[in-house]
Amino acid sequence: MLIVMQAHASEEQVRAVCEKIESVGLKAHSIPGAQRTAIGITGNQGIVEIGLEEMAGVQEVICVSKPYKLVSRDVKEENTVITFPGTDTTIGGKELAVIAGPCAIESREQAFKIAEQVAKAGARFFRGGAYKPRTSPYAFQGMGEAGLQIMAEIRERFGMLIVTEAMDYESLEQVEKYADVIQIGARNMQNYSLLKRAGRARRPVLLKRGMSATLEEFLMAAEYVMSEGNYQVILCERGVRTFADHTRNTLDLSIVPAVHRLSHLPILVDPSHGTGKRTKVLPLSRAAVAVGADGLIVEVHHDPDRALSDGPQSIYPDQFAELMREVGAIAPIIGRSMAAPVAAVAGASR
Ligand code: PEP
Ligand code: MN
């Protein structure tokens, strides 16, 4: 259920409605909007008859028929814009958010080399896995906390925000300490206890679509995170399994407008895992931005032939710079823009 407050409802009125909801053992999620505040109720099985309609400041009580509530545009009409304190970088605003970096942090030298080049090309976010979900238990599993420390140094040096994956409770605790955005990978999209834990974290969560997840399953996974009180969720399309074998996965770009129609959450596209092929990353990045994605997450490596994971889909730094130019040229056509490189790098290159 959803309580829509009147436009002029006071803070006390909103608080009184929340207290009433919580007094019967349910959870109230107050979501302020540009026009009015909406209060989502979770924990209930159907209609809640506690006289909410009669309370001061309440405009309407809506029975939400969709299984997802907090992710829905019914709760919040305007787009969610994720902000990062102390910076002017956003995800979901007018500016496209571009996250770039290697699949995995392999060494300090490798990470710094790539970070410098993607920062110069204009990436505001640096990605790199410290905990890697690999198909083989014998493959490189990531550097763990040492990898997180390298990324924290990269943030200091280049001013980029850090995005990295948490695979389980333990790694989430570590990632939360070092990173600016917690990535939940495709393989964990339906790991409900991990989603709930991410919902109690105080950092935005980048939630990747499961390999065979429907739109509804994807939104329900985001609902898990939000139901615990973390409303800073960024969705990410990274390709799904199909019969097609000319690419690693089939990048489902049609989910971008479908998400935007149903949800206020931002959605990024990952053309690297989405295709698995270096030559496909640039054309699908252009397409993703043209279709309305709020940004991209791209794997970049200076020596992909020797990369410890996902070399074949990693683009070279100069290809990333070209991608930024081309995507930046498309952005204004659809009312978006590309952020200038972060000040720390712009200054260093002068
Ligand atoms: C990754 O971003 O490196 C990754 C493992 O992605 P996904 O979970 O989409 O496979
Ligand atoms: Mn990867």
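A brief structural summary. (Residues numbered from 1 in each chain as written. Chains lettered and ligands numbered in written order. Predicted model: local features only at pLDDT ≥ 70, side-chain atom pairs only at ≥ 80, totals over all residues. Heavy atoms only, no water.)

Here we look at the coordination of the manganese ion (ligand 2)
The protein atoms that coordinate the manganese ion (ligand 2) are Cys103 (SG), His273 (NE2), Glu299 (OE) and Asp310 (OD), at distances of 2.0 to 2.4 Å. Read N to C, the donor residues that coordinate the manganese ion (ligand 2) are spaced as C-x169-H-x25-E-x10-D. On the criterion of sequence distance, the pair formed by Glu299 in strand E14 (residues 295–299) and Asp310 in the loop between E14 and helix H10 (317–330) is long-range, its members being eleven residues apart. The exposure class of Asp310 is buried, given its relative accessible area of 18%. (Donors = N, O, S within 2.8 Å, 3.2 Å for Na, K, Ca; no water. Helix = DSSP H or I, 4+ residues; strand = E, 2+ residues; numbered from the N terminus. Buried < 20%, exposed > 50% of the residue type's maximum accessible area, 1.4 Å probe, protein only.)

A few points about helix H6 (residues 215–227)
Along its 13 residues, H6 runs 18 Å from first to last C-alpha, staying within 8% of the 18 Å computed at 1.5 Å per residue. If you follow the buried residues of H6, they end up packed against strand E2 (27–32), helix H5 (192–199), strand E11 (205–208), strand E12 (233–237), helix H7 (255–262) and strand E13 (267–269). (Expected span 1.5 Å × (residues − 1). Contact = heavy atoms within 4.5 Å.)

A word on the packing of helix H4 (residues 169–178) against H5
Two quantities define a packed helix pair, namely the angle between the axes and the distance from one axis to the other. Direction vectors running N to C along H4 and H5 enclose 25°, while the axes themselves pass 10 Å from each other. The angle between the axes of H4 and H5 places the two elements in the roughly parallel class. Remark: the crossing between H4 and H5 carries right-handed chirality. Between H4, through Tyr169, Leu172, Glu173 and Glu176, and H5, the contact on the second element is made entirely by Ser193, Leu194, Arg197 and Ala198. Class assignment for the residues of the contact of H4 with H5 results in four nonpolar, one polar and three charged. (Axes fitted to C-alpha atoms, helices over the stretch in contact; angles between N-to-C directions. Parallel < 35°, antiparallel > 145°, perpendicular 65-115°, else oblique. Left-handed = near helix turned anticlockwise from the far one by under 90°. Nonpolar A, V, L, I, M, F, W, Y, C, P; charged D, E, K, R; others polar.)

Some words on the sheet that holds strand E1 (residues 2–5)
Read across the open sheet, the four strands follow the order E2-E3-E1-E4; overall the sheet is antiparallel. Looking at the sheet topology across the chains shown, the edges are occupied by E2 and strand E4 (58–62). Within the sheet, the average angular offset between the axes of one strand and its neighbour, ignoring direction, is 20°. Judged from the four bridges that link them, E1 and E4 form a sheet pairing that is antiparallel. Within E4, the residue paired with Leu2 across the bridge is Ile62. Taken strand by strand, helix H1 (residues 11–23) contacts E1, E2, strand E3 (37–42) and E4, and its axis lies near 155° from that of E2. (Pairing = 2+ DSSP bridges.)

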